[in-house]
Structures are given as C-alpha cells and as structure tokens.
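Each chain, written out:
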Protein chains: 2
Amino acid sequence: MDKTIPVPFTSVKITDGFWKKRKELNENVTIYAVRDRFIDTGRFEAFKFNWKEGSDIPKPHIFWDSDVAKWMESVAYILAEKEDKILRSQVEELVSLMEINQQEDGYFNIAHTVVHPEDRFKIRNNHELYCLGHFIEAAVAWKESTGSDRLITITDKYIDLVIRIFCVERSAEFVTPGHEEIELALIRLYRLTKNKKYLDLALFFLNERGLHNEGLTDWCNSSYNQSHLPVRQQREAMGHAVRACYLYSAMADAAKETDDKELLDACTNIFNDIVHNKMYITGGIGSSHHGEAFTVAYDLPNNTAYAETCASISLMMFADRMKDIILDSKYADIVEREIYNGIISGISLDGKAFFYENPLEINLSDRNKHTSMKQEPERLPITQRQEVFSCSCCPPNLTRFFAGIGEKVFSENNDSVFLHQYIPCTALMGDMTISVETEYPVSGKIKINVKNGTGKYLCVRIPGWCENYSISESFESVGGYAKILIYSDEITVFADFVMEPVFYLCKKDVRANANKAALMYGPVVYCFEKFDNPYINHWSLRFDTEITPEVIYDKNYSCNILIAQAFEIENSDKLYYNIKEKKENKVTIKLIPYFAFANRGESDMTVWFNI
Amino acid sequence: MDKTIPVPFTSVKITDGFWKKRKELNENVTIYAVRDRFIDTGRFEAFKFNWKEGSDIPKPHIFWDSDVAKWMESVAYILAEKEDKILRSQVEELVSLMEINQQEDGYFNIAHTVVHPEDRFKIRNNHELYCLGHFIEAAVAWKESTGSDRLITITDKYIDLVIRIFCVERSAEFVTPGHEEIELALIRLYRLTKNKKYLDLALFFLNERGLHNEGLTDWCNSSYNQSHLPVRQQREAMGHAVRACYLYSAMADAAKETDDKELLDACTNIFNDIVHNKMYITGGIGSSHHGEAFTVAYDLPNNTAYAETCASISLMMFADRMKDIILDSKYADIVEREIYNGIISGISLDGKAFFYENPLEINLSDRNKHTSMKQEPERLPITQRQEVFSCSCCPPNLTRFFAGIGEKVFSENNDSVFLHQYIPCTALMGDMTISVETEYPVSGKIKINVKNGTGKYLCVRIPGWCENYSISESFESVGGYAKILIYSDEITVFADFVMEPVFYLCKKDVRANANKAALMYGPVVYCFEKFDNPYINHWSLRFDTEITPEVIYDKNYSCNILIAQAFEIENSDKLYYNIKEKKENKVTIKLIPYFAFANRGESDMTVWFNI
C-alpha cells in the first residue's frame with residue numbers, strides 16, 4: 001500500500017475557474033433551492049416529530065433523515081470558507097430538534113419513531129442505519145468545519161445503542177444494513193476521533209455481511225445489496241449501484257485502516273470490473289432502472305441508461321479512496337471522469353433542478369408512440385431535470401459534492417504531496433503552500449507554485465486521456481504521476497497536458513456502441529443536442545473521424561464546445577432502397593459538454609455517434 | 001379501376017419447387033400438428049358444447065371457434081388437390097357438431113353459449129362476429145372445394161340472425177365488430193353465392209364503423225380497432241395490425257364490388273402509409289407488442305419487433321386484393337415480400353412449430369441480465385417457435401395460407417391474364433392452359449407456356465426488386481407488368497429477372513436501421529445467425545458492401561444462402577479507447593434466409609448489419 005491522506009477541505013481554497021463558479025452557484029442557489037424543496041415537502045418539519053395519523057402534515061418517509069443529513073453536511077463544507085448565518089442557524093435549529101427528539105436510549109430516526117415505531121431494527125431495507133450513516137457524515141463535517149460537537153454527541157449516543165443492539169444483544173432482526181453507508185461514515189468518524197469503537201463497528205458490519213443469508217426478498221436476490229458473499233470474496237460489482245459503491249468505499253477505508261490486503265484485493269477486483277465492464281463513458285454506473293443496479297458486463301444501453309447521479313458520486317467516492325491506498329493514477333482518472341460528466345449532468349446550469357437518471361441518448365420520438373393504446377408503456381428516463389423527487393437523494397448529494405470538492409484536489413504522505421485534480425486553488429499543508437492556476441478543463445496548461453516544501457516531492461497526475469504532455473521540471477513517472485523534487489523554497493512547475501478532441505471507440509462487446517464513436521476533449525464528454533443542430537436527426541449522421549473538430553470556448557458552459565464534420569444521409573422516397581442510390585451531404589455539427597444537456601427544454605440527444 | 005379476378009385455387013396446381021415442398025409439408029405435417037395441438041387443448045372437444053362449470057375439460061375461450069374454423073378452411077384447400085379421408089371426416093364431424101349445437105335462432109358460438117351466454121352480443125371485443133367471419137370463410141372454401149353446402153347452411157342461418165339483431169332490431173350492445181373479419185368473409189360469400197344480403201351486411205358494418213364513438217375502452221383508444229373515423233376518412237394504418245388489415249381487405253373488396261372510389265382512395269392511402277412508413281423489410285407490421293399494433297411512422301425497432309405472423313398474412317391479403325383493383329405491380333410485390341419472409345418465418349422448417357412474433361434481431365445477452373433482481377423485467381419476443389399458443393391464431397392462418405397459395409398466382413379479366421407470383425404450376429382458365437416452370441426464388445429465370453390463349457394478353461409482373469431483366473417476347477410495360485400478346489395457340493415466354501445480392505438501406509427517418517444495411521437476393525431477406533458464424537458477435541462486424549456476396553444453393557432451405565465479406569473489429573483491453581488504436585480483420589460471414597432463423601436452437605440473429 002502507498003497510503004496518502006487527503007488534504008482536507010478546510011485547507012484548500014478554490015480560487016478561480018470552472019469549479020469556483022460551480023461552488024458559488026452551489027452556495028448561492030442550489031443549497032437554498034434544495035432546502036426550499038425540503039421545506040415544501042415536509043422534510044424539515046418532520047424533525048419536530050409532530051406527525052400523527054390523521055394530521056395534515058406530510059408523513060415522514062424512511063429516507064428523509066438522510067436527505068436532510070446530506071444537506072446539513074453540505075452546509076458544513078460551505079461554512080468552512082464562507083460564513084452564512086441563515087444556513088448556520090438552520091442547521092443549528094435542526095440539531096436542536098435532534099437533541100430534543102433523540103430517544104432516551106439514543107435512537108434517532110424520524111419515520112421509525114413517529115410513523116412505524118413497531119418496525120425499529122426489524123426491516124433490513126428500511127434505511128435506519130443508512131440514515132444514521134449520513135448523520136455521522138454530517139457530524140464529522142460539522143465538527144471539522146465549525147468545531148461544534150453537538151452532532152457528534154447525538155450520533156455517538158445513537159452509535160452506542162447500535163453497538164448494544166447489533167453487536168452485544170444481537171436483538172435486531174437483521175445483522176447488516178440493507179443499504180450500506182454507515183460503514184464508511186463510522187470510519188470517517190474514527191479518523192476524526194481516533195475512537196476505535198467506531199472502527200470496530202464498521203468492521204463488524206463489513207465482516208458479517210454475506211454470512212447470514214440476508215438480502216433475499218420476494219423481489220431481489222441477495223446480490224442486490226451485496227449480501228451474496230462475504231465481502232473479501234466479492235470480485236464483481238453487483239446489485240444496487242449506490243449501495244454497492246458505498247460498501248466498496250467502506251471496504252477501501254477498512255483495508256487502509258487495518259492493512260487488510262485481502263479486503264484491498266477485493267476492492268481492486270471490483271474496481272476493475274466496474275471500469276472495464278460496467279461503466280458508461282460518462283462514468284455512469286448501474287445501467288438498469290430495475291433495482292437501480294449493475295447488470296452484466298457490457299450491458300450499457302444509452303437511451304435507457306439509469307446511471308443515477310448518486311451512483312456516479314458513489315463511484316467517485318470509491319475511486320477517491322482507492323487513490324489514497326494504491327499509487328495508480330487510474331483511480332484519480334475515474335474521479336475526474338465523474339466530476340466532469342456523470343455527476344454534474346445531474347444538475348441544471350441554473351443550479352435549481354436535478355436528474356436522478358442520466359441517460360446518454362434521448363429520442364423524443366420514442367415517447368407517446370403508442371397512439372392506439374391509452375398508456376405510454378415503455379419506461380424511459382425523464383428528459384428534463386426536476387426540483388425535487390419523492391426519493392430525493394441526489395440533490396443533497398450534489399450540494400455536498402460541490403461544497404466539498406476541495407478535498408479531492410490533493411493528498412499527501414510523509415515525503416510527497418499529490419496533485420490529483422486540476423482546480424485553481426491555494427492549499428496549506430503545514431508550512432507548505434501550493435497554488436494552482438489553470439483553465440482546466442478548457443485547457444490542459446497548469447501552473448503550480450510550491451512554497452516551503454523543499455525536499456518533498458510534488459506528484460502531478462498525468463491524465464489518462466493525455467497523449468502528449470510536457471512538464472517544465474525534471475520528473476520521474478511513478479504510477480501515472482510525474483514525481484518532481486521540490487528542490488528549493490519556491491518552485492513553479494508548468495505542465496501542459498495537450499488537449500485535443502479525441503474520438504473514442506467502445507470495446508467491441510458493448511452492443512449499444514457498436515460502430516459508433518464518442519467525442520471527448522480532455523476529461524469532458526460531448527453530446528449532440530438537436531437544439532444546436534435543428535432539422536438533423538443524430539442517427540442520420542456519420543461522423544468524419546478523420547477531421548479534428550474545432551474547439552471554441554463557450555461561456556454558457558464555462559467550457560469548450562466542439563464543431564465536428566459529418567455526413568448526413570439524404571432522404572429517400574422509399575422505405576428500403578438499393579445502397580447504390582445512397583447519397584450523403586457534408587454537414588457541420590455542434591456538440592456541447594454532456595453535463596450541459598437538457599438545459600434548454602426537451603431535445604434529442606446522444607453521446608455516441610455513427611461513424 | 002382495372003379489375004381482375006383471381007384464378008381460384010381449384011384451377012391452379014402447384015407442380016414443383018419451393019412452394020410444392022412447402023405445400024406438401026403443410027399437408028403431411030403441419031395440418032396434423034395443428035390439429036393435434038387443438039385436440040390437446042380442448043378446441044375440438046369444445047364443439048360438443050359439453051363444458052360446464054366444474055367439469056374437467058378445458059374451458060372454451062372466445063377465440064377458439066376461429067382457430068378451428070381456419071383449420072377447417074385449410075383442409076378445404078388441401079382436399080381440392082388431394083383426397084385425405086381422415087381430414088375430410090374430421091371436418092365433417094365438426095360440421096355435424098355445429099349442426100347439432102347451432103341454437104334455434106341460428107346463433108353459433110361455443111364460448112358464448114356454454115361459458116358466458118349472458119354476454120351474447122354485449123361485449124364488442126369478444127370476437128363473436130370475428131368467429132362467424134372465419135366460419136364463413138371456411139364455408140366458402142368448403143363449398144368451392146367439396147361442393148358441400150352444409151357449412152354454408154349453418155352460416156347463412158347465423159348471418160340471418162346477425163342481420164336481424166344488428167340491422168333490423170339493433171338490439172346488440174355494439175354496432176360494429178371489435179375485431180374485423182366478418183366483413184371480408186361476407187363479401188367472399190357474396191361472390192360465391194351472388195346473394196346480395198351478404199354484401200349488404202358487409203357494407204353495413206363498414207359504413208357504420210367510426211360513427212358511434214365505439215372502441216374506446218379503459219386500455220385502448222378507438223383507433224385500436226379502427227373505430228376512430230368513418231372508414232372512408234381513414235388515411236393511416238392504426239391500431240391492432242391484424243384487425244386493421246382485415247378491415248382494409250374488406251374495404252378493398254367493397255370498393256371493388258361497388259365501384260366506390262372514395263373507399264378505394266382510403267385503401268390506397270392506407271396501403272401507402274403501411275409500406276412507406278410502417279413495414280419491416282420482411283413485410284412485418286405492427287411493430288409493438290402493446291396492442292399488437294401499428295405505432296407511428298418509422299418506429300421499427302428490430303429486437304422488440306412484434307410483427308405478428310397473422311399481421312403479415314393480413315397485409316398479404318390486403319395487398320392481394322388491391323392487385324385485383326389497381327394495375328400496379330407494387331401490390332403483388334408486397335404479396336411476394338410477405339410470402340418469402342414475414343409469413344413463413346412464422347413456421348419451423350419441420351412444419352410443427354410457430355412464431356407469433358417475428359423479431360428481426362435477437363441478442364441472447366439481453367436475457368437474464370438482471371442478475372440481482374428476481375424477475376426478468378424486459379419483455380422480449382420468444383426465441384424459439386412453439387407448437388401452440390393460448391391465443392393460437394397464427395398456426396391455422398399458416399395452414400390455410402400454404403394450402404391456398406395457388407390462388408395468389410394468377411388473376412384475369414376479359415382480355416388479359418396476369419402472372420403475379422412465380423410458382424411452378426399448371427393453371428386452367430376456360431380453354432386456356434398456362435404452365436410455369438421456375439426455380440424461383442433460387443433463380444429469376446421463368447418459363448411460361450400458354451396454350452389456347454390466342455388474342456389475349458399475358459401480363460407478367462416485373463418484380464420490384466429487379467434491376468435487370470429480359471423477356472423473350474416483345475412486351476409493353478404497363479403498371480409494372482410486361483404485357484405480352486398471346487399471338488398463337490401456343491407460345492412459350494422466357495423471362496429472366498436477374499437476381500443478385502443487393503444491400504438495402506432504410507429511409508433515414510428509421511433510427512433502428514441507421515448506418516445499417518440488409519441483404520436480399522431477389523425477394524428473400526437474409527439474416528445472420530450466430531450458429532453459422534460462431535465466435536462472432538454480429539454487432540462487432542462492419543459489412544463490406546463493395547463486394548457482392550457469393551450465392552450458394554442450400555437444400556436445407558430449398559433456397560440460396562449468401563457468403564458476405566465483412567470487417568470484424570479487434571478486441572481492446574480498454575472499455576473506451578482512442579479511435580487511432582482501432583484494428584479490424586477481414587472475416588467471411590454466412591447468411592441464411594430470414595424465414596429459416598431459429599431452426600437450430602437459440603441463437604443471436606440480425607437482419608440489419610453495420611456498414
């Protein structure tokens with residue numbers, strides 16, 4: 001293991017560029033928009049524990065605690081950089097309600113207290129431990145950001161109850177959670193507090209998983225929540241994608257904390273299964289809406305892609321943890337793929353609306369085609385983002401992602417500091433200061449200034465997409481990183497990762513992408529939207545992959561757009577006609593970043609083009 | 001109108017070749033196989049009217065009468081050429097049971113007499129008039145073939161009841177049938193008997209359709225059974241495909257019998273809508289299993305294609321009627337497309353098993369991919385033919401199709417005889433004898449001998465697929481037919497419709513076939529089956545359309561197979577890779593006739609190939 005520790009969000013200040021804008025949008029718009037929808041839907045009110053059968057306030061749902069917990073966690077990250085009294089007081093109000101309504105024995109779960117207390121710790125898929133996990137994450141972030149122990153105190157008391165019920169008395173009606181999350185949260189709390197009881201409980205849940213014939217229900221197999229095998233024997237990504245990657249993240253955390261090579265081996269195998277067999281080019285995972293789940297290798301349909309926003313976030317979390325254990329740039333490459341594509345496609349450019357599902361192709365003609373039947377029978381992803389969902393896990397997952405992005409930039413160990421993501425920022429690591437300037441992902445030129453780091457190494461990720469690059473200082477290539485000796489009190493490194501539009505093919509086993517190509521520019525995946533190419537159906541095109549597309553900056557996206565050349569087939573009078581009669585015309589096609597699709601209303605869209 | 005009358009099956013003897021084999025298989029195997037399954041399932045026993053609640057015989061279903069009626073009609077065609085005492089006596093036994101069990105007032109419907117008599121003429125979609133229609137068709141064929149009036153007598157009595165209930169008393173709870181069929185059957189009976197009451201009843205049902213807000217149910221719109229508009233105002237093919245084309249066939253019949261140009265205009269518009277917008281290259285129609293229905297123009301998905309066998313038969317019937325009204329070879333071209341592709345794909349090469357649905361693509365990896373979920377949620381067509389279905393309309397529709405194919409070959413009017421389908425046969429038309437020799441569809445060479453036809457014209461269809469042809473006698477091209485004067489007592493015409501493999505493209509609006517081609521040789525559509533190309537996934541190929549495939553006769557299919565050249569993409573270690581790393585290898589691909597797919601077990605299959 002080549003362990004590093006992330007440089008925390010409290011030490012990294014984003015100073016400019018793509019992510020500064022995104023963070024500001026998050027702080028100024030999204031965090032409030034999510035809050036308002038949570039207020040509208042009763043999620044905040046629920047903390048008063050005042051719902052009763054027959055009352056006219058909305059009935060609390062078993063997921064709701066976790067939605068609000070992620071929102072609280074988001075606020076914690078925001079407050080680390082910028083005081084916002086409204087947000088602070090709203091979190092504090094929620095924490096006060098938690099203090100008031102936490103049960104005598106430490107239990108805290110809204111739905112399982114006011115709606116169905118009889119189900120406490122009885123139904124494995126009821127998300128009680130999942131909700132606690134998110135409260136723990138919020139508690140850690142709140143402590144790190146504000147110094148306050150109030151949430152820590154609440155969750156600690158609840159965790160003690162969980163230890164008693166699950167580990168000592170074993171009186172719960174299941175052994176391990178039906179939706180993983182608490183495991184990684186507990187290890188986060190352990191890292192903060194060094195209190196080993198948290199690590200032990202996390203390891204208990206990890207070690208017991210797959211040993212108890214848990215998970216089989218009338219609608220799913222035990223692989224749905226990764227209970228089909230003991231975790232160390234798991235080699236493939238299976239089941240519900242978010243559950244899966246939250247588990248794998250915890251497995252990586254546990255492997256790191258306990259030097260468990262067997263567990264790490266499971267992690268590397270599962271990671272490879274995902275990125276070699278089951279991941280969209282956008283980083284999307286969980287290709288099917290059936291179970292929001294991984295299916296089999298190479299099953300990556302584009303127009304029905306589920307690719308939940310939270311699943312992309314969860315894979316980013318898994319990859320981001322792996323980068324701190326194994327020195328291999330492929331892990332940070334996946335973080336990069338997610339943050340520029342599959343995650344941020346989940347939010348509108350105005351910061352107010354969200355996709356749960358992130359399809360890679362939309363054909364509006366597929367909708368309402370059953371003119372003689374009363375209902376539209378095919379299930380397809382929605383084509384426009386919504387402000388809230390009944391299961392609204394993705395919006396607050398995005399707010400905490402944007403607010404916490406700083407922690408993805410650097411990690412360090414005793415002799416090196418690693419620069420993983422190219423985001424303009426200033427970071428403090430003890431005496432050392434690093435500042436990064438770049439227009440990334442608009443350009444691959446990076447300027448890195450290091451002060452007071454003499455004798456350490458600066459390890460700069462060479463992006464996986466990059467074929468040609470230059471670095472102004474001498475370096476050794478190690479695990480995909482350029483390892484540069486910091487030889488004086490101040491050095492400035494110029495790196496140029498040459499970006500140019502690249503057509504990508506997909507492994508031949510993937511039927512959905514056969515005879516097609518996708519376009520990327522650096523880490524950004526592009527898409528065709530009919531808005532930019534009216535009167536053209538994307539499927540009637542054949543892209544000219546010999547001509548390198550033109551690159552133009554577009555401030556609407558804080559990113560480049562591409563202008564590609566293609567042939568459009570001429571129409572024919574006949575439904576079927578001899579290929580000898582084929583005629584094509586040259587057309588120019590505008591492509592926008594995939595993350596920006598569906599911001600101008602409904603439109604046909606595709607990531608994969610005929611070639 | 002340029003009317004002709006088909007030369008009846010009683011006057012045309014198939015003498016050799018593809019269809020002789022198919023007819024013999026039908027007479028020797030299929031007619032018995034269908035009978036046996038109908039006996040197994042209680043469909044024959046039901047004619048005893050002895051089912052009662054609690055009895056241990058199967059409960060008669062509302063479709064069953066029609067299944068058996070089509071089987072009886074099939075036997076009639078068979079007996080016209082070949083005595084078969086077993087089949088004859090079984091039909092006669094059924095007729096005897098009908099005579100015994102026909103109700104006093106003329107009503108005959110098994111399910112509505114023994115199972116739910118309270119529903120008589122109350123539920124529009126309950127198929128009572130549809131079943132009567134098929135009994136009428138059987139009665140006409142039985143009379144033409146055997147001279148017996150027994151079935152005619154039964155149906156005549158029932159029709160008188162229908163006239164009283166529907167036209168005089170108007171006491172039924174609907175005005176027009178929920179499943180068309182009786183209209184075309186009544187006109188057939190009118191043509192046989194010249195009794196105008198049958199034509200009048202047919203016209204009543206046609207004229208009343210669409211006037212009464214009928215058809216809307218809780219699951220379908222009124223277009224599902226073509227009740228959304230008066231028939232003369234209909235311009236598009238809509239709704240359940242079999243219902244639709246049975247209606248359109250009757251509309252064509254009525255237009256012909258009454259010289260109704262408005263009705264004919266509706267027929268031509270609807271026909272064009274089907275063949276220009278809504279028909280698979282195989283002739284399959286009704287692309288969706290939702291309602292077994294037409295959807296919108298250009299919606300022709302391959303792997304979920306419904307393309308019911310009966311729907312292909314019904315379009316053939318519609319086209320075959322149109323060819324007798326308008327002198328345009330496009331109608332007989334569609335008959336040809338159906339009989340070599342979409343219809344006969346519905347039956348196994350051993351004559352014993354059937355497809356209800358006829359997909360144009362099978363990918364076995366689409367099945368059972370939801371490993372973490374208990375059920376396979378996607379509905380896909382079955383991959384192997386079955387011996388019988390609960391709704392088993394297609395098998396006896398095929399037996400009557402094969403047995404009655406002779407009637408598709410010729411039609412005539414006062415001055416001309418038209419040769420529409422190239423089938424080796426001898427036909428008698430008054431004094432004139434025509435014999436046809438050909439290996440069609442193995443070759444396009446046709447030899448036509450005409451005796452005693454001096455002064456008439458022989459009009460030979462120039463197939464729509466044919467680019468180069470020669471005809472040994474001088475001719476005038478009229479409506480896609482070569483019009484040849486029969487200038488002596490005996491002439492022999494040699495026609496050579498040059499067949500070569502042709503790659504076809506599909507109109508650009510059809511997304512499913514974008515950047516793909518299909519291969520035909522003459523009228524036969526070809527397909528890739530993995531059986532012939534093991535270790536190759538069809539989607540990893542790109543066909544070389546510059547090289548004309550090799551043509552080889554294969555006796556297994558009584559047809560040619562094709563050997564095409566393609567490029568297979570090399571595998572990649574990476575899921576996504578730069579197009580610069582693309583490598584392809586040349587491969588040779590064997591293609592079989594589409595009608596022969598799925599005869600060797602489950603296999604991947606496709607009609608449309610990447611190019």
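Before going into details, it helps to say that this report is about the structure given with it. In this text, all values refer to a predicted model and were calculated from it rather than measured experimentally.

**So, the overall build of chain A**
Piece 1. Of regular secondary structure, chain A possesses 13 helices and 23 strands.
Piece 2. With the C-alpha coordinates aligned to their principal axes, the bounding extent of chain A is approximately 80 × 75 × 50 Å.
Piece 3. A fraction of 71% describes how many contacts in chain A between residues 6 or more apart in sequence connect residues 24 or more apart.
Piece 4. Considering chain A, the positive charge centre built from 68 side chains and the negative charge centre built from 88 side chains are found 1 Å apart.

**Quick look at the sheet that holds strand E5 (residues 416-419) of chain A**
Residue and element names in this part refer to chain A.
Piece 1. Within the open sheet, the six strands sit side by side as E1-E4-E5-E9-E12-E11. Their pairing is mixed. Each end of this open sheet is capped by a strand with a single partner; those strands are strand E1 (5-6) and strand E11 (476-478).
Piece 2. Note that E1 and strand E4 (residues 410-412) share two bridges and pair antiparallel. If you follow Ile5 over to E4, its bridge partner there is Glu412.
Piece 3. Against the sheet, helix H12 (residues 329-342) touches strand E9 (457-461) and strand E12 (481-485), its axis set at about 55 degrees to E9.

**Describing the pairing of strand E9 (residues 457-461) of chain B**
All names here are of chain B.
Piece 1. Counting buried positions along E9 gives four out of five residues, so the element sits mostly inside the fold.
Piece 2. Inspection of the sheet shows strand E5 (residues 416-419) paired to E9 by four bridges, in the parallel sense. Note on E9: the bridge partner recorded for Leu419 is Val460.
Piece 3. Relative to strand E12 (residues 481-485), E9 runs antiparallel, the two being bridged by five bridges. Residue pairing for E12: Leu458 is matched across the bridge by Ile484.

**Here we look at the packing of helix H8 (residues 196-208) of chain B against helix H9 (residues 241-258) of chain B**
Residue and element names in this part refer to chain B.
Piece 1. Two numbers describe how H8 lies on H9: the axes approach to 11 Å, and their chain directions differ by 125 degrees. In terms of orientation, H8 and H9 fall into the oblique class. Considering how the two elements wind past one another, H8 and H9 form a crossing that is left-handed. Judged by residue contacts, Leu199, Leu203 and Leu206 of H8 engage Leu247, Ala250, Met251, Ala254, Glu257 and Thr258 from H9.

**Side note on the side chain of Thr606 of chain A**
Residue and element names in this part refer to chain A.
Piece 1. Within the element layout of this structure, Thr606 appears in strand E22 (residues 605-606).
Piece 2. A polar atom in the side chain of Thr606 sits 2.9 Å from the backbone oxygen of Trp608.
Piece 3. Beyond its immediate stretch of four places on either side in the chain, Thr606 contacts Leu360, Glu361, Cys527, Phe528 and His538.

**Structural notes on the interface of chain A and chain B**
Piece 1. Each partner contributes residues to the interface: chain A has 76 residues there, and chain B has 77 residues.
Piece 2. Roughly 6,200 Å² of surface becomes buried between chain A and chain B when both sides are summed, with 54% attributable to carbon and sulfur atoms.
Piece 3. In terms of surface lost to chain B, no three residues of chain A exceed Lys508, Arg511 and Tyr576 of chain A, which account for 14% of the buried area on that side.
Piece 4. Along the contact surface separating chain A from chain B lie ten salt bridges.
Piece 5. The closest approach of N and O atoms between Lys369 of chain A and Asp299 of chain B, which form a salt bridge, is 3.1 Å.
Piece 6. In this structure, the connection of chain A to chain B is made through 43 residue pairs in polar contact (both at pLDDT 80 or more).

**Some thoughts on the packing of helix H11 (residues 309-322) of chain A against helix H13 (residues 394-403) of chain A**
Residue and element names in this part refer to chain A.
Piece 1. Taken N-terminus to C-terminus, the directions of H11 and H13 make an angle of 40 degrees; their axes are 9 Å apart at the nearest point. The two elements H11 and H13 meet at a crossing, and its hand is left-handed. Of the residues in H13, those in contact with Thr309, Cys310, Ile313, Met316 and Met317 of H11 are Cys394, Asn397, Leu398, Arg400 and Phe401.
Piece 2. When grouped by side-chain class, the residues that make up the contact of H11 with H13 number seven nonpolar, two polar and one charged.

**Quick word on the relation of the copies chain A and chain B**
Piece 1. Under the fitted operation, chain A is carried onto chain B by 0.0 Å of movement along the axis and a turn of 180 degrees, and the coordinates agree to an RMSD of 0.0 Å. This pairing of chains is accounted for by a two-fold axis. Every residue of chain A has its C-alpha some distance from the rotation axis, and the shortest such distance is that of Asn515 of chain A, at 4.3 Å.
Piece 2. Most of the interface of chain A is mirrored in chain B, where 100% of its interface residues are also at the interface.

**Considerations on the packing of aromatic side chains**
Residues and elements named next belong to chain A.
Piece 1. Overall, the coordinates contain 72 aromatic pairs over all chains when judged by the stated rule.
Piece 2. Taking the centre distance of 6.2 Å and the plane angle of 40 degrees together, the rings of Trp19 and Phe402 count as tilted. Placement of Trp19 in helix H1 (residues 17-40) and of Phe402 in helix H13 is noted, with a sequence separation of 383 residues between them. The pair formed by Trp19 and Phe402 is uniform in burial state, with each residue classed as buried.

**Some points on the environment of Ala266 of chain A**
Residues and elements named next belong to chain A.
Piece 1. Position of Ala266 among the secondary structure elements: in helix H10 (residues 261-277).
Piece 2. Here Ala266 falls in the buried class, since its relative accessible area comes to 0%.
Piece 3. Remark: the alpha-carbon pair of Ala266 and Tyr248, spanning 18 residues in sequence, is separated by 8.8 Å.
Piece 4. In this structure, Ala266 is in contact with Val231, Arg232, Gln234, Arg235 and Met251, ignoring residues within four places of it in sequence.

**Details of the side chain of Lys278 of chain B**
Piece 1. Within the element layout of this structure, Lys278 of chain B appears in the loop between helix H10 (261-277) and helix H11 (309-322).
Piece 2. For Lys278 of chain B, a relative accessible area of 5% gives the class buried.
Piece 3. Reaching out from Lys278 of chain B, the side chain makes a polar contact with the backbone oxygen of Ala237 of chain B at a distance of 2.8 Å.
Piece 4. At 2.8 Å, the side chain of Lys278 of chain B forms a polar contact with the side chain of Asp273 of chain B.
Piece 5. Contacts of Lys278 of chain B, omitting those with residues within four sequence positions, involve Leu575 of chain A together with Glu236, Ala237, Asp273, Gly284, Ile285, Phe294, Thr295, Val296, Ala297 and Leu300 of chain B.

**Digging into the sheet that holds strand E6 (residues 425-429) of chain B**
Residues and elements named next belong to chain B.
Piece 1. The strand order E2-E6-E7-E8-E13-E10 describes an open sheet built from six strands, whose pairing is antiparallel. Of all the strands in the sheet, just strand E2 (12-14) and strand E10 (469-471) have a single pairing partner and so form its edges. Direction aside, the axes of adjacent strands within the sheet are offset by 10 degrees on average.
Piece 2. Looking at chain direction, E2 and E6 are connected through three bridges and run antiparallel. The partner of Lys13 across the bridge, within E6, is Thr426.

**Focus on the environment of Phe318 of chain A**
Piece 1. On the secondary structure map, Phe318 of chain A appears in helix H11.
Piece 2. Taking the C-alpha atoms as reference points, Phe318 of chain A and Ser249 of chain A, separated by 69 residues in sequence, lie 4.4 Å from one another.

**Examining unusual backbone geometry**
Residues and elements named next belong to chain A.
Piece 1. Following Tyr440, the chain continues to Pro441 via a peptide bond in cis, the omega torsion being 5 degrees.
Piece 2. With respect to the secondary-structure elements, Pro441 resides in the loop between strand E7 (432-438) and strand E8 (445-451).
Piece 3. Even without glycine at this site, Ser558 takes up a positive phi of about 50 degrees.
Piece 4. Among the structural elements, Ser558 can be located in the loop between strand E18 (550-554) and strand E19 (559-569).

Calculation rules
- Residues numbered from 1 in each chain as written.
- Chains lettered and ligands numbered in written order.
- Predicted model: local features only at pLDDT ≥ 70, side-chain atom pairs only at ≥ 80, totals over all residues.
- Heavy atoms only, no water.
- Helix = DSSP H or I, 4+ residues; strand = E, 2+ residues; numbered from the N terminus.
- Contact = heavy atoms within 4.5 Å.
- Lys, Arg positive; Asp, Glu negative; His and termini not counted.
- Charge placed at Lys NZ, Arg CZ, Asp CG, Glu CD.
- Pairing = 2+ DSSP bridges.
- Axes fitted to C-alpha atoms, helices over the stretch in contact; angles between N-to-C directions.
- Buried < 20%, exposed > 50% of the residue type's maximum accessible area, 1.4 Å probe, protein only.
- Parallel < 35°, antiparallel > 145°, perpendicular 65-115°, else oblique.
- Left-handed = near helix turned anticlockwise from the far one by under 90°.
- Polar contact = N/O pair within 3.5 Å; in protein donor to acceptor, adjacent residues only side chain to side chain.
- Buried area = accessible area lost by both parts, 1.4 Å probe.
- Salt bridge = Lys/Arg side-chain N within 4 Å of Asp/Glu carboxyl O.
- Nonpolar A, V, L, I, M, F, W, Y, C, P; charged D, E, K, R; others polar.
- Least-squares fit on C-alpha atoms with pLDDT ≥ 70 in both.
- Phe/Tyr/Trp six-rings, centres within 6.5 Å; stacked < 30°, edge-to-face > 60°.

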